[in-house]
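Structure at a glance
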Amino acid sequence: MQTEKKDIRALSKDQLRDFFVTHNDKAFRGNQVYEWLWSKGAHSFDDMTNVSKETRTMLEDNFVINHIKVDTMQRSSDGTVKNAVRLHDGLVVESVLIPTNTRTTACVSSQVGCSLDCNFCATARLKRMRNLEPAEIYDQVVAIDKESRLYYNHPLSNIVFMGMGEPLMNYNNVLKAIEMIISPEGLGMSPKRITVSTSGVPKMIKKLADDEVKFKLAVSLHSAIDDIRARIMPFSSNFPLKDLRESLEYWYSKTRSKITYEYVVWKGINDNKESIDALVKFCKYVPCKVNLIEYNPIDDGEFQQASPEAIDAYIDALQASGIVAKVRRSRGKDIDAACGQLANKEV
């Protein structure tokens, strides 16, 4: 029975060099192939024009390149671009290019579906089918960088891991992908331009701090009251706010990097003074800023957008306490590309 070929991009540069040595070739050939795979984004071995035909055939016999394919691309009236990305096994994830006057941001996915069960999010309803490999995450960024250059005449400036999936539930692969994104042999982006957004897994936040990562951290908070948060995000009952707070204090002590809290305000859920006061108190534990996010309904269920007055009450209370807060307007709503809407409706 024929064994399935390994994706060559799962090999490190040293492993590639070793492969060529064991196949009676020069070690430097591994450097050449590595450059084709990452810096030059080769989709097939035939793309590797400075590698002999014989060598390319040998690679073909031993490996595959499981490159993503942008199946469909939609452009919003506000300039946002959404990619439906087909993976080698036929599964699909979505990624988004969000332009502003000064920069373009890639919103990338880390899982097919999601490990968690946030009630307000369309992605969570898909359930997790599998984790994305580092190369599949990297490919999303490369595709959006090309679109940024094509449509907006400048390279991608920022990356947020706020697409489908919980990044910290795919910890090793996300970190390997970021390693290639920031590597001079990959995209050479600054880690300060990358934000990983988590729903709040305390043990993994501490691990990030111990691993001395240089990227930014965002936390989907949505309530600083345990009972309300558990209603919004049922899994969080396993991770009480006390534990989350402790992990964030640890993160800051190790990294000196401010936290961003992502916070949606819903009518009749967290649009009251008690919720506002709890958030203000929570924000005082660790240096932070707050993004109040406009909600994007995914059906006609219990989650409805709060009134502008409720949002203003949050902004006033946070700013009065010296906490940086702003309202983040959602982009790409007309193509279901906004926060919480990624769910492969087109596929």
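Summarised in this report is the structure supplied together with it. The shown structure was predicted, so the numbers you read here are calculated from the model rather than taken from an experiment.

1. Considerations on a positive patch on the surface
A cluster of basic side chains, namely Arg103, Lys192, Arg193, Lys214, Lys216, Lys258, Lys289 and Lys326, defines a positive patch on the protein surface. Counting through the fold element by element, Lys326 comes out in strand 14 (residues 324-328).

2. Quick look at helix 6 (residues 202-210)
Of all the positions in helix 6, only Pro202, Met204, Ile205, Leu208 and Ala209 are classed as buried. Taken around the axis of helix 6, the buried residues stretch over an arc of 165 degrees, which confines them to a single face. Those residues of helix 6 hidden inside the fold are in contact with helix 5 (171-182), strand 10 (194-198), strand 11 (216-220) and helix 8 (241-255). Looking at the residues trailing helix 6, positive phi occurs at Glu212, about 55 degrees.

3. So, the packing of aromatic side chains
Under the defined criterion, the tally for this structure stands at 10 aromatic pairs. Members of the aromatic cluster, connected to one another through ring pairs, are Phe19, Phe20 and Phe63. Here Arg9 stacks its cationic end above the ring of Trp38, 5.7 Å away from the centre of that ring. Seen from the ring of Tyr285, Arg245 lies directly overhead, with NZ or CZ sitting 3.5 Å from the centre.

4. What to know about the sheet that holds strand 13 (residues 288-293)
Backbone hydrogen bonds are what pair the strands of a sheet, in a parallel or an antiparallel way. Reading across the sheet, the 10 strands line up as 3-4-5-6-9-10-11-12-13-14 and stay open at both edges, with mixed pairing between neighbours. Of all strands in the sheet, those bounded by a partner on one side alone are strand 3 (69-75) and strand 14. The sheet shows a mean angle of 20 degrees between the axes of neighbouring strands, direction not considered. Pairing of strand 10 with strand 11, which is carried by 4 bridges, proceeds in the parallel orientation. Note that in strand 11 the partner of Val196 across the bridge is Leu217.

5. Description of the pairing of strand 13
Burial runs high along strand 13: 5 of the 6 residues are buried. Of the pairings in the sheet, the one linking strand 12 (residues 259-264) to strand 13 comprises 6 bridges and is parallel in character. Considered in strand 13, the bridge of Tyr261 is made with Val290. Regarding topology, helix 9 (residues 273-283) serves as the crossover connection from strand 12 to the parallel strand 13, and that connection is right-handed.

Thresholds applied
- Residues numbered from 1 in each chain as written.
- Predicted model: local features only at pLDDT ≥ 70, side-chain atom pairs only at ≥ 80, totals over all residues.
- Heavy atoms only, no water.
- Patch = residues over 30% accessible without salt bridge, like charges linked within 9 Å, V, L, I, M, F, W, Y side chains within 5 Å.
- Areas by Shrake-Rupley, 256 points an atom, 1.4 Å probe, with all protein chains shown as cover.
- Salt bridge = Lys/Arg side-chain N within 4 Å of Asp/Glu carboxyl O.
- Lys, Arg positive; Asp, Glu negative; His and termini not counted.
- Charge placed at Lys NZ, Arg CZ, Asp CG, Glu CD.
- Helix = DSSP H or I, 4+ residues; strand = E, 2+ residues; numbered from the N terminus.
- Buried < 20%, exposed > 50% of the residue type's maximum accessible area, 1.4 Å probe, protein only.
- Arc of directions from axis to C-beta.
- Contact = heavy atoms within 4.5 Å.
- Phe/Tyr/Trp six-rings, centres within 6.5 Å; stacked < 30°, edge-to-face > 60°.
- Lys NZ or Arg CZ within 6 Å of the ring centre and 35° of its normal.
- Pairing = 2+ DSSP bridges.
- Axes fitted to C-alpha atoms, helices over the stretch in contact; angles between N-to-C directions.
- Right-handed = clockwise from strand over helix to strand, strands pointing away.

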